[in-house]
Amino acid sequence: MVDRPNKPSALSSTPGLNPQAQVSISHGSSRVTAVLPTGQSVEVHLYGATVLSWKDSRGQEQLWLSETTKLDGSKAIRGGIPLVFPVFGPSPPDHPATAQLPQHGFARTSRWEFLGKSTSESSEVFQSSRGQSSAEVATADLSVKLDFGLSSGNLEPEVRKLWPHAFGLIYSVTLGCNSLSTSLVVTNEDDKPFDFQVLFHTYFGISDINKTEIAGLDKAEYLDKTEGYAAKTQSANVSFTRETDRVYTPVGGPREPVSIVESGKKRFDVVRDNLGDVVVWNPWQDKAAGMADFGPDDGYKKMVCVEAGSVRGWQVLEPGDAFECAQTIVPQ
Ligand SMILES: O=P(O)(O)OC[C@H]1O[C@@H](O)[C@H](O)[C@@H](O)[C@@H]1O
């Protein structure tokens, strides 16, 4: 079922579900919020279609958002899940097609349109494994998908000049009872091919960077951006003792989860679909202090970016073709 956002604030119920099983959607001029009946919530800012907040059923925030980030559309949002498209980082010198674009492209600094929401339920798993009543099952397994759109026609004219291709982007944020998925469909509506990079720049909230490791990258080749893109190979888990800025290509392929581990316990799994690379970033003390929109200064201890993307090479999209990719984050 799809609801168009013609109501500024609405409670919507899904036919066939427990009447209590309602997804609450609120849509203001700059933000869309969805809350599941089981308490999980997600909030998306239309500036960049940036996920600002993702809370579990107890109201615990899972993402990190800078206290000093701008939310007025004057600068990319620092925290949550900014979307990187069509170039990762500054444009590489050998890639004139993106040379005019700002770092990480324009998707995170463009205003997106909210296209609507759809809800779905999948009941079998809970019913058979837990023997709950059907009403409870429907409540437990409800998810809501929020769709956002950006196309070349909606870009600010000065941005369009920097990357003059006809394209469409549909970005979907799906909140489940125990997961958050972000997925993107890129379509080429031009009469010539274009190439691009894409990345979900997720800032995970953690309790202590000194006790945090990233698993699932053992033996992966990576480029170390803190050492002039030196090519290296990971051994064991990634741990943090200084600025870390690396582009990994995991050996296990996209479906093999990359995990955020705290004090030896898994906290999140990140599963990728059609995204070959994973960037791991923590700015550490000096760099964090040097970023006006990064706060508090010691906030680097409470965040780690694990960013699923396709950024080492370029995706080439022929006219009329579409590219789809996704990440799913599962708290453990
Ligand atoms: O400051 P920005 O543009 O949001 O980028 C933050 C970081 O994003 C990471 O993805 C990059 O690998 C880093 O090099 C960069 O510093």
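Because the structure is a prediction, the values reported are computed rather than measured. (Residues numbered from 1 in each chain as written. Predicted model: local features only at pLDDT ≥ 70, side-chain atom pairs only at ≥ 80, totals over all residues. Heavy atoms only, no water.)

Participant: How should the overall build of the chain be read in this particular structure?
Facilitator: Helix and strand content of the chain: four helices and 23 strands. Taking all 332 residues of the chain together, the buried fraction comes to 51%. For the chain, the share of sequence-separated contacts (at least 6 apart) that also reach a separation of at least 24 residues comes to 65%. Total accessible area computed for the chain in this model is approximately 14300 Å², and 48% of it derives from carbon and sulfur atoms. (Helix = DSSP H or I, 4+ residues; strand = E, 2+ residues; numbered from the N terminus. Buried < 20%, exposed > 50% of the residue type's maximum accessible area, 1.4 Å probe, protein only. Contact = heavy atoms within 4.5 Å. Areas by Shrake-Rupley, 256 points an atom, 1.4 Å probe, with all protein chains shown as cover.)

Participant: Could you clarify how one ought to interpret the site of the ligand in this entry?
Facilitator: Around the ligand sit Arg78, Phe88, Gln103, His104, Arg108, His201, Lys225, Asp245, Val279, Trp281 and Glu307, and those are all the residues in its vicinity. The contact in question runs from an oxygen atom of the ligand to an N or O atom on the side chain of arginine 78, over 3.0 Å. Glutamine 103 has a polar side-chain atom sitting 2.8 Å from an oxygen atom of the ligand. Starting from 390 Å² of accessible surface for the ligand in isolation, the protein chains cover 87%. Of the residues assigned to the shell around the ligand, the class counts are three nonpolar, three polar and five charged. (Near = heavy atom within 4 Å. Polar contact = N/O pair within 3.5 Å; in protein donor to acceptor, adjacent residues only side chain to side chain. Nonpolar A, V, L, I, M, F, W, Y, C, P; charged D, E, K, R; others polar.)

Participant: Please clarify how the packing of aromatic side chains should be interpreted in this entry.
Facilitator: Under the definition given, this model contains 20 aromatic pairs. Between phenylalanine 85 and tryptophan 163, the ring centres sit 5.7 Å apart and the planes meet at 80°, which makes this aromatic pair edge-to-face. Remark: tryptophan 163 occurs in the loop between helix H3 (157-162) and strand E10 (167-176) and phenylalanine 85 occurs in the loop between strand E7 (83-84) and strand E8 (113-121); sequence separation between them is 78 residues. You can call phenylalanine 85 buried: its relative accessible area is 0%. For tryptophan 163, a relative accessible area of 0% puts it in the buried group. With a centroid separation of 4.6 Å and an interplanar angle of 40°, the aromatic rings of tyrosine 222 and tyrosine 248 are classed as tilted. Here the residue tyrosine 222 occupies a position in strand E15 (residues 221-224), and tyrosine 248 occupies one in strand E18 (residues 244-249), the gap between them amounting to 26 residues. Each member of the pair, tyrosine 222 together with tyrosine 248, is buried. Three or more aromatic residues link up through ring pairs in this structure, and these residues are Phe85, Phe106, Trp163, Phe167, Phe194, Phe196 and Phe323. (Phe/Tyr/Trp six-rings, centres within 6.5 Å; stacked < 30°, edge-to-face > 60°.)

Participant: Which parts of the structure should I look at to understand the UniProt feature "binding site: substrate" (unreviewed entry) in the chain?
Facilitator: With numbering matched to this structure, UniProt assigns "binding site: substrate" (unreviewed entry) to Arg78, Gln103 and Arg108. Maximum C-alpha separation among the annotated residues is 13.5 Å over a sequence range of 31 residues, consistent with a single clustered spot. Inspection of the secondary structure assignment puts arginine 78 in the loop between strand E6 (50-55) and E7. The class for arginine 78 is buried, based on a relative accessible area of 14%. (UniProt positions renumbered as here; feature names shortened; annotations may be inferred.)

Participant: Which parts of the structure should I look at to understand the UniProt feature "active site" (unreviewed entry) in the chain?
Facilitator: Listed under "active site" (unreviewed entry) in the UniProt record, and renumbered for this structure, are His201 and Glu307. Taken together, the annotated residues stretch across 107 residues yet fold into one region, lying no more than 4.7 Å apart by C-alpha. Tracing the chain through its elements places histidine 201 in the loop between strand E12 (194-200) and strand E13 (203-205). Excluding anything up to four places from it in sequence, histidine 201 contacts Gly80, Ile81, Pro82, Val84, His104, Trp281, Cys305 and Glu307.

Participant: How should I be thinking about the environment of leucine 36 in this particular structure?
Facilitator: With respect to the helices, strands and loops of the structure, leucine 36 is situated in the loop between strand E4 (31-35) and strand E5 (41-45). On a C-alpha basis, the gap between leucine 36 and aspartate 141 in space is 9.8 Å, while along the polypeptide they are 105 residues apart. Filtering out sequence-adjacent residues up to four positions away, leucine 36 remains in contact with Gln22, Val23, Leu142, Ser143, Val144, Leu175, Gly176 and Cys177.

Participant: Teacher, can you tell me more about the pattern of salt bridges here?
Facilitator: For side chains of opposite charge, pairing can occur when their charged atoms come near one another. On inspection of all chains with the given rule, the structure shows 14 salt bridges. Lysine 211 serves as the salt-bridge partner of aspartate 208, at 4.0 Å between the closest nitrogen and oxygen. Residue lysine 211 is classed as partly exposed on the basis of its relative accessible area of 49%. A salt bridge links arginine 267 to glutamate 262, with the shortest nitrogen-to-oxygen separation between them at 2.6 Å. One network of salt bridges, with partners in common, ties together Lys75, Arg78 and Asp293. (Salt bridge = Lys/Arg side-chain N within 4 Å of Asp/Glu carboxyl O.)

Participant: How should the nonpolar core be read in this particular structure?
Facilitator: Buried together is how nonpolar side chains tend to be arranged in soluble globular proteins. Ranked by size, the top nonpolar core spans 75 residues in total, and within it Trp112, Leu146, Phe148, Tyr171, Leu184 and Ile214 carry the most contacts. With six residues, strand E22 (residues 303-317) is the largest single contributor of residues to this core. Setting aside its immediate chain neighbours within four residues, tryptophan 112 contacts Leu46, Gly48, Ala49, Leu83, Ala107, Phe148, Gly149, Leu150, Leu169, Tyr171 and Leu184. Core analysis: the second largest hydrophobic core is formed by seven residues, Phe88, Leu199, Val247 and Val279 among them. (Core = buried A, V, L, I, M, F, W, Y, C linked by side-chain atoms within 4.5 Å.)

Participant: Just checking my understanding: could you explain the pairing of E4 for this structure?
Facilitator: Residues in a regular strand project their side chains so that they alternate between the two faces of the sheet. What you see with E4 is a clean split: Val32 and Ala34 sit on the buried side and Arg31, Thr33 and Val35 on the side with no burial. The turn joining strand E3 (residues 22-27) and E4, which pair antiparallel and follow one another in sequence, is formed by three residues. Pairing analysis gives five bridges linking E4 to E5, with the strands arranged antiparallel. Among the inter-strand pairings, arginine 31 is bridged to a residue of E5, identified as histidine 45. (Pairing = 2+ DSSP bridges.)

Participant: Explanation requested: the confidence of the model for the chain in the structure shown.
Facilitator: Confidence along the chain averages 91 in pLDDT terms, with 88% of residues attaining 70 or more. Contacts for the low-pLDDT stretch residues 1-16, under 50 throughout, to residues beyond four places or in other chains number 35 contacts. Contacts from residues 124-139, a stretch scored under 50 in pLDDT, to residues over four places away or in other chains number 19 contacts. (pLDDT = per-residue confidence, 0-100.)

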